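Here is how the chains run, residue by residue.
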Amino acid sequence: MKTWIASMVSVLLLGGCAQVPSPNASPSFASCLAPLPVLGSTSHAGPLHVTRTFYLGHTGVVLVYEEADLDSALEFIVGPVSIMNAGFEFQTYRTFDLDRYHDGIEGVSRDGEPVHLVTRALYEGFLTAYSRDPLLVASFQACLMDATPMPLPAVNVQKPVLFQQAVKSDWSGRTFWLHRIAASKFIERF
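Values in this document were obtained by computation on a predicted structure and should not be read as measured data. Position numbers for residues start from 1 in each chain and track the written sequence from start to end. Side-chain atom pairs in this predicted model are given and counted only at pLDDT of 80 or more, local residue features only at pLDDT of at least 70, and totals for whole chains, interfaces and linings cover all residues. The side-chain numbers reported here are obtained from all heavy atoms of the structure, hydrogens and water having been left aside.

Undergrad: Break down the overall build of the protein chain for me, citing the residues and quoting the values.
TA: Secondary structure assignment for the protein chain yields 5 helices and 9 strands. Mapped in sequence order, the helices and strands of the protein chain form the string α-α-β-β-β-β-α-β-β-β-β-α-α-β. Only protein chains enter the area calculation, which uses a 1.4 Å probe; residues under 20% of their type maximum are buried, those over 50% are exposed, and those in between are partly exposed. Taken across its 190 residues, the protein chain has 38% of its residues classed as buried. The contact criterion used is simple: two residues touch if any of their non-hydrogen atoms lie within 4.5 Å. Considering only intrachain contacts with a sequence separation of at least 6, the fraction spanning at least 24 residues in the protein chain is 54%. The method behind every accessible area is Shrake-Rupley, applied with a 1.4 Å probe, and residues are considered shielded solely by the protein chains displayed. With an accessible surface of roughly 10700 Å², the protein chain has 59% of that area assigned to carbon and sulfur atoms. A run of DSSP states H or I qualifies as a helix once it reaches four residues; a run of E qualifies as a strand once it reaches two. Both are numbered from the N-terminal end.

In structure tokens, the structure reads:
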């Protein structure tokens, strides 16, 4: 009898877990960005290893995709919205939940320009895509949430695009020190 009850409980638990949507079931950042032309990429290390890829949007505006991993000796001590607030140093912003895995933020960055972004927290890292063009980010967001848009290209830009100027985030040691978004895993906190 105990074996029968235990097997029924495990079937119900495993069957219930199978119904929980996984983040891999929906489109990924990479699959949604695939239709956009790539302008270039950069990477740098520090407390956070960041790889940035620059995409050309349909209006000639740049969409920046950042994939970041925190140094193995550190751990984030704040949530994803606070991490983004520190990295972009928003003058003003508003947040919204997209689903269990993604957050959206609209705000004015440190240089006074508007920034629209979608972010996803990973274990001691994150993915984020942002631009000053709200329509480009809304199209990316819809693709990510499985509501289809994104294939927007067909861009005919006459002048060169200075994609490095699209970077609005700062993930330097100064950001970590000033905003206290991470701490050492090896120092005991009281």
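Text resumes after the structure shown.
Undergrad: Please set out the sheet that holds strand 5 (residues 92–97) residue by residue, giving values where relevant.
TA: Through backbone hydrogen bonds, the strands of a sheet pair up, either in parallel or in antiparallel fashion. By the convention used here, strands pair only if DSSP detects at least 2 bridges between them. Spatially, 1-2-3-8-7-6-5 is the arrangement adopted by the 7 strands of the open sheet, whose pairing is antiparallel. Among the strands making up the open sheet, the edge pair consists of strand 1 (38–44) and strand 5. Recorded for the sheet is a direction-independent mean angle of 15° between the axes of neighbouring strands. The sheet contacts of helix 3 (residues 80–88) involve strand 5, strand 6 (102–108), strand 7 (114–122) and strand 8 (125–131), and relative to strand 7 the element is tilted by about 135°. Docked against the sheet, helix 4 (residues 134–144) engages strand 3 (62–70), strand 5, strand 6, strand 7 and strand 8, running at close to 25° with respect to strand 7. Lines fitted to the C-alpha atoms define the axes, with helices restricted to the stretch that makes contact. Angles between their N-to-C directions range from 0 to 180 degrees.

Undergrad: Help me get a handle on the environment of Gly173, residues and values and all.
TA: For Gly173, the location among the structural elements is in helix 5 (residues 173–179). The sequence separation of Gly173 and Leu48 amounts to 125 residues, and the corresponding C-alpha distance is 8.5 Å.

Undergrad: I'd like a description of the packing of aromatic side chains, backed by residues and values.
TA: Working definition: rings of Phe, Tyr and Trp (its six-membered ring) pair if their centres are within 6.5 Å, and the pair is stacked with planes under 30 degrees apart, edge-to-face with planes over 60 apart, and tilted otherwise. The final tally for this structure, using the stated rule, is 8 aromatic pairs. Measuring from centroid to centroid gives 5.5 Å for Phe90 and Tyr93, while their planes differ by 40°, and the two rings are tilted. Given a relative accessible area of 38%, Tyr93 falls into the partly exposed group.

Undergrad: Describe the side chain of Glu66, naming the residues involved and giving the relevant values.
TA: Within the element layout of this structure, Glu66 appears in strand 3. Take Glu66: its relative accessible area is 0%, and that puts it in the buried class. One polar contact links Glu66 to Ser169, side chain to side chain, over a distance of 2.5 Å. Those residues in contact with Glu66 that sit more than four places away from it in its chain are Val50, Thr51, Arg52, Phe126, Leu127, Thr128, Tyr130, Ser169 and Trp171. Here a polar contact is taken to be a pair of N or O atoms separated by no more than 3.5 Å, where protein atoms must pair a possible hydrogen donor with a possible acceptor and residues adjacent in sequence count only if both atoms sit in side chains.

Undergrad: Tell me about the state of the cysteines, and name the residues and values.
TA: In what follows, a disulfide is any cysteine sulfur pair within 2.5 Å. Summed over all chains, the structure comprises 1 disulfide. A sulfur-sulfur separation of 2.1 Å characterises the disulfide bridge that pairs Cys32 with Cys143. Classification of the bridge connecting Cys32 and Cys143 rests on its S-S torsion, roughly -90°, and on that basis the disulfide is left-handed. In this pair, Cys32 is assigned in helix 2 (residues 29–33) and Cys143 in helix 4, connecting sequence segments 111 residues apart. In this structure Cys32 comes out as buried when scored by relative accessible area, which is 1%. Overall, Cys143 belongs to the buried group, its relative accessible area being 12%.

Undergrad: Describe in detail the pattern of salt bridges, supporting the description with residues and values.
TA: A side-chain nitrogen of Lys or Arg and a carboxyl oxygen of Asp or Glu constitute a salt bridge if their distance falls within 4 Å. Inspection of every chain in the model, using the stated rule, returns 7 salt bridges. Between Arg52 and Glu66 there is a salt bridge, with its nearest N and O atoms 2.6 Å apart. Taken together, the residues span a long stretch of sequence, with Arg52 in strand 2 (residues 48–56) and Glu66 in strand 3 at a distance of 14 residues. Here Arg52 and Glu66 have matching classes, each one buried.

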